[in-house]
Amino acid sequence: MKKFSRAALSVAVLAVAVLFAGCGSKAAASGGSLSVSTFGLSTKQMTSDIFDPFSKQSGTKVQSQFGDSSQRFTQVAHNPNAAVDVIELSQNNALSGNKKNLFKKLDFSKIKNFNTLSSAQQKLAKETNSVPYTVNSIGIIYDPSKTGKITSWDQLWSGKLKGKIAIPDITTTFGPAMLYVAGDHAGTPVTKDNGKAAFKVLADLKPNVVKTYTQSSDLANMFKSGEITAAVVGDFAVGMIQAADSNAVYTVPASGTYANYDTASILKSSKNTKAAYAYLSYRLSKTAQAKAAEPKSLNNAPVNDTVKLSAANAKNKTYGAIAKRAKTIDFDYVNSHLSGWIKTWNSLMNK
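This one's a predicted model, so the numbers in the text were calculated from it and none came from an experiment.

Trainee: Sorry if this is basic, but what is going on with the overall build of the chain here?
Mentor: The secondary structure content of the chain amounts to 16 helices and ten strands. Relative to the compact-globule value of 20 Å for 351 residues, the chain shows a C-alpha radius of gyration of 20 Å, a close match. Counting only C-alpha atoms, the chain reaches 60 × 40 × 40 Å along its principal axes. The buried share of the chain, reckoned over its 351 residues, is 56%. Of the roughly 14800 Å² that the chain leaves accessible, carbon and sulfur atoms contribute 53%.

See below:
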């Protein structure tokens, strides 16, 4: 649920897993270090703008693990005693992790700045036993010189885009959101018919789809090479794509979008609880939230309601007007149906 190639991601995840397996027990016992598993899109910025300042402030050494949310979640689910203290996941993975009893029960009174979250965000924190630290959503990124202006989700089904678009795979953070978009196009919400109408119109969309991608970083090269001219993408990846293709324009249709929170949880196996609470508090601090919102940093929309963004920093984020028209996904419903949807998706879209 980010500036990272598929090959580099795999190598990094394996390398860090070996590192943690070899030295995790020593780190956990020291009390002076904290292992954090997080997203792999902007590793350099995450280290320089979040980990390093937190280490300087707290005196805690951070060991990092980077990778895709679902991949890292699967690793922890299969090995609950992995030497990871804090794990940052997409909302649906956090919900699953809490149901699997992987996380420590949070004492929210120990998290500074928790009261800067909205009532809905605090409710989410209690439902997932995790702290939401940013919100993102999907939109359409496209090259107007090749597609013309795109203003609606329905235009993705246009014959003008035959063999020219990429959409997130069902297994990714925003795969379920793509299914919700298809349900909207069909006129039947996914939760009304278990996605049957959505899959029917996805079959109509298939001729336009070059790839159902699992890594946002793949899109940059596809735009640059001209392999695609439009894609459905999470707003966190917009800057990376535009750096590769200066003609790319991002839009969130007026009909709305679907949101996802990224969250931070303390694993039940963590021995560094005090440092973990300090990290969660720092993640929600005004300093960290403002820095992470900068386009050249992590480009994360803030959840701390004391952070106000300039127009430049608010661009391409789930913030302001876009946040107001962002719809929620019922991840309880999604997770209860996902295994069947994956089979249907693969037989339809990935053959």
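Trainee: Would you take a moment to explain the layout of surface pockets for this structure?
Mentor: If a probe the size of a water molecule is rolled over the atoms, the empty space left behind becomes visible. In this model, the largest pocket occupies a volume close to 660 Å³. Along the walls of the largest pocket sit 31 residues, with Ser 118, Ala 120, Gln 121, Val 135 and Tyr 261 positioned nearest its centre. Mapped by element, the contributors of at least two residues to the lining of the largest pocket are helix H4 (91–99), helix H5 (119–128), strand E9 (257–266), strand E10 (326–327) and helix H16 (331–349). Top element by residues in the lining of the largest pocket is H5. It accounts for six residues. Looking at the lining of the largest pocket residue by residue, the classes come out as 15 nonpolar, nine polar and seven charged.

Trainee: Would you mind showing me how to read the side chain of Thr 172 here?
Mentor: Mapped onto the fold, Thr 172 is located in the loop between strand E5 (165–168) and helix H7 (175–186). One polar contact links the side chain of Thr 172 to the main-chain carbonyl oxygen of Asp 169, over a distance of 2.7 Å.

Trainee: Help me out: how do you make sense of H16 in this one?
Mentor: Residues three or four positions apart in an α-helix share a direction because the helix packs 3.6 residues into each turn. Relative to the 27 Å expected for 19 residues at 1.5 Å per residue, H16 spans just 22 Å between its end C-alpha atoms, considerably shorter than the ideal helical length. The largest bend in H16 amounts to roughly 60° and is located at Leu 338. Residues of H16 that are buried include every one of Phe 331, Tyr 333, Val 334, Leu 338, Trp 341, Trp 345, Leu 348 and Met 349, and no others. Its side-chain oxygen placed 3.2 Å from the backbone nitrogen of Asp 332, Asp 330 serves as the N-cap of H16.

Trainee: Even after reading the chapter, I still don't get unusual backbone geometry, so can you show me in this structure?
Mentor: Most of the time, phi is negative for any residue but glycine, and the peptide bond is trans. Residue Asn 101 is not a glycine yet carries a positive backbone phi of 65°. Within the secondary structure, Asn 101 sits in the loop between H4 and H5. A residue is classified by how much of its surface remains accessible, and Asn 101, at 49% relative accessible area, is partly exposed. Even without being glycine, Asn 316 reaches a positive phi, approximately 60°. Following the sequence through the fold, Asn 316 ends up in the loop between helix H14 (311–314) and helix H15 (321–324). Judged by relative accessible area, which is 16%, Asn 316 ranks as buried.

Trainee: Quick question: what am I supposed to make of the packing of helix H9 (residues 196–205) against H16 here?
Mentor: Helix-helix packing is described using two parameters, namely the angle between the two axes and the distance between the axes. Two elements in contact, H9 and H16, have axes whose closest approach is 10 Å; the angle formed by their N-to-C orientations is 20°. By the criterion of interaxial angle, the relationship of H9 to H16 is roughly parallel. Helix-helix and strand crossings are classified by hand; for H9 and H16 the assignment is right-handed. On H16, the residues that touch Phe 199, Leu 202 and Ala 203 of H9 are Trp 341, Thr 344, Trp 345, Leu 348 and Met 349. Looking at the contact of H9 with H16 residue by residue, the class counts come to seven nonpolar, one polar and no charged.

Trainee: How should I be thinking about the pattern of salt bridges in this particular structure?
Mentor: A complete count under the given rule lists six salt bridges for this structure. The shortest N-O distance in the salt bridge between Asp 332 and Lys 99 comes to 2.7 Å. Placement of Asp 332 in helix H16 and of Lys 99 in helix H4 is noted, with a sequence separation of 233 residues between them. Accessibility expressed as a relative area gives 40% for Asp 332, which makes it partly exposed. The exposure class assigned to Lys 99 is exposed, which follows from its relative accessible area of 62%. With a closest N to O distance of 2.5 Å, Glu 127 and Lys 123 form a salt bridge. Highlighted residues: Glu 127 and Lys 123, both in helix H5, separated by four residues, approximately one helical turn.

Conventions used here
Residues numbered from 1 in each chain as written. Predicted model: local features only at pLDDT ≥ 70, side-chain atom pairs only at ≥ 80, totals over all residues. Heavy atoms only, no water. Helix = DSSP H or I, 4+ residues; strand = E, 2+ residues; numbered from the N terminus. Rg over C-alpha atoms; globule rule 2.2 N^0.38 Å. Buried < 20%, exposed > 50% of the residue type's maximum accessible area, 1.4 Å probe, protein only. Areas by Shrake-Rupley, 256 points an atom, 1.4 Å probe, with all protein chains shown as cover. 1 Å grid on protein atoms, 1.4 Å probe; cavity = no way out; pocket = protein on both sides within 12 Å on 5 of 7 lines; lining within 4 Å. Points joined across faces, edges and corners; volume = space filled by probe spheres on them. Nonpolar A, V, L, I, M, F, W, Y, C, P; charged D, E, K, R; others polar. Polar contact = N/O pair within 3.5 Å; in protein donor to acceptor, adjacent residues only side chain to side chain. Expected span 1.5 Å × (residues − 1). Bend = angle between axes of the 7 residues up to and from the residue. Axes fitted to C-alpha atoms, helices over the stretch in contact; angles between N-to-C directions. Parallel < 35°, antiparallel > 145°, perpendicular 65-115°, else oblique. Left-handed = near helix turned anticlockwise from the far one by under 90°. Contact = heavy atoms within 4.5 Å. Salt bridge = Lys/Arg side-chain N within 4 Å of Asp/Glu carboxyl O.

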